[in-house]
Amino acid sequence: FNQKDELVLGNKSSIPIMAVHMADNYTIFSYKFGENKPLKINSTYTIPWAPPKLPFLVHDCKRIKENYFIFPLMSSGIGKFYEYFQKKIDMPLDDKSDKAGWLLYNSQDNTCNEIKIDEYADIFHIADIKHIYGNLYKIYAPFVYNFPIWMSGKGDLIIRLKECIIDIEQKKVIQTIDTGLKMDFIHTLGNELIGSCLDDKPAIIKYNMVTKDHVKLNLPGDIVREIIPYEDYLLYFSHASNNSSLYIVNITNGDVINKIEVPHRLPGFHTTLFD
């Protein structure tokens, strides 16, 4: 950006490849639908997971111990070809291809285990993972419902932030708690989860993982997806019908610090912030 806050041409990134999400600061993963073993770590190590039913996406990964990685498993898969070829649906997504859950990968033993939840939902993102004690971990994740219907433009997304407690030794879910909060694109700041409400007008929810309290903060702008907390600020792209802007606002009250016009993009356009 120049001194007038106008976007000017930058340089190509020196980073040769970027994952959708990273397991940690040094580890990427990839998922190629249709392959017998679709998951790889750092584009090199093939994870020995070959399920009979492949999820439509595997979109996130977190390292929870030195040798353990965990991936969210969504329920939607490719399968409803009859309805697709009859033009009853816009994409051949089967929203009940398999139960939702988690894929636990032990890189030391090179073994995988699926930990299933007894419901159909699409889990794209892992917001945070906390070690409780022993072999118990709590996963914070948005559970998405109605995804195939929403993709066809025939309904709204239903999103609930849930807390899922798993035992990584017993390979089972101990408890799933529904917070009742609609939030996604979640970032962790201290004890708080900060995520977008995905409403028509931008807003965030701050959820305290210790006290279970939450507050909603409305923000200036138009349609917004991801909102990134950074020090005392919130950064996000806002999209109107014919223009887009980068907003920088106060994290406490939403007051505008700066607003920078950027080339127009449709809602959903977001980025990665490197400090």
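Analysis parameters
Residues numbered from 1 in each chain as written. Predicted model: local features only at pLDDT ≥ 70, side-chain atom pairs only at ≥ 80, totals over all residues. Heavy atoms only, no water. Helix = DSSP H or I, 4+ residues; strand = E, 2+ residues; numbered from the N terminus. Core = buried A, V, L, I, M, F, W, Y, C linked by side-chain atoms within 4.5 Å. Buried < 20%, exposed > 50% of the residue type's maximum accessible area, 1.4 Å probe, protein only. Pairing = 2+ DSSP bridges. Phe/Tyr/Trp six-rings, centres within 6.5 Å; stacked < 30°, edge-to-face > 60°. Lys NZ or Arg CZ within 6 Å of the ring centre and 35° of its normal. Lys, Arg positive; Asp, Glu negative; His and termini not counted. Salt bridge = Lys/Arg side-chain N within 4 Å of Asp/Glu carboxyl O. Contact = heavy atoms within 4.5 Å. Axes fitted to C-alpha atoms, helices over the stretch in contact; angles between N-to-C directions.

(A) Focus on the environment of Ile41. For Ile41, the position within the fold is in strand β3 (residues 39-41). Here the alpha-carbon distance between Ile41 and Ser30, two residues 11 residues apart in the chain, equals 6.7 Å.

(B) View of the nonpolar core. If you look at the biggest cluster of nonpolar residues, it comprises 20 residues, and the most contacted ones within it are Ile64, Ile70, Trp102, Ile139, Phe143 and Ile166. Counting only elements with at least two residues in this core, the list comes to β6 (68-73), β9 (101-106), β12 (136-145) and β13 (158-167). In terms of residues, this core owes the most to one element, β12, which gives 5 residues. One finds Phe29, Trp49, Leu54 and Val58 within the second-largest nonpolar core, a separate group that totals 15 residues.

(C) The arrangement of the pairing of strand β2 (residues 27-31) in detail. Burial of β2 is extensive: 4 of the 5 residues sit out of reach of the surface. Where strand β1 (residues 22-24) lies against β2, 2 bridges are found, and the strand directions are antiparallel. Looking at the pairing, Met22 lines up with Ile28 of β2. The turn joining β1 and β2, which pair antiparallel and follow one another in sequence, is formed by 2 residues. Here β2 runs beside β3; their pairing, made up of 3 bridges, is antiparallel. Residue pairing in the sheet places Tyr31 in a bridge with Leu39 of β3.

(D) Summary view of the packing of aromatic side chains. The tally for this structure, following the rule as stated, stands at 7 aromatic pairs. Arranged with centres 5.0 Å apart and planes meeting at 65 degrees, the rings of Phe124 and Phe147 form a pair that is edge-to-face. Taken together, the positions of Phe124 in the loop between β10 (111-116) and β11 (128-133) and Phe147 in helix α2 (residues 147-151) put the pair 23 residues apart, joining distant regions of the chain. The class for Phe147 is buried, based on a relative accessible area of 7%. Members of the aromatic cluster, joined through ring pairs, are Phe56, Phe124, Phe147 and Trp150. In this arrangement the basic side chain of Lys99 is found over the ring face of Tyr120, its NZ or CZ atom lying 5.5 Å from the centre.

(E) Layout of the side chain of Asp184. Structurally, the position occupied by Asp184 is in strand β15 (residues 184-189). For Asp184, which is buried and forms no salt bridge, the nearest opposite charge comes from Arg225, at a distance of 9.0 Å. Setting aside chain neighbours within four positions, we find Asp184 in contact with His125, Pro142, Val144, Ile159, Gly195, Ser196 and Leu198.

(F) Geometry of the pairing of strand β14 (residues 172-178). Bridging between β13 and β14 involves 6 bridges; their strand directions are antiparallel. Counterpart to Lys162 in the pairing with β14 is Asp178.

(G) Summary view of the sheet that holds strand β20 (residues 233-239). Overall, antiparallel pairing links the 4 strands, which are arranged β19-β20-β21-β22 in an open sheet. If you trace the sheet from one side to the other, it starts and ends with β19 (223-230) and β22 (256-262), each paired once. Averaged over all pairs of adjacent strands, the angle between strand axes in this sheet comes to 20 degrees, irrespective of strand direction. Sheet topology places β20 next to strand β21 (residues 244-250); 7 bridges connect them, and they run antiparallel. Bridged to Phe237 within β21 is Leu246.

That's the geometry; what it means functionally is another story.
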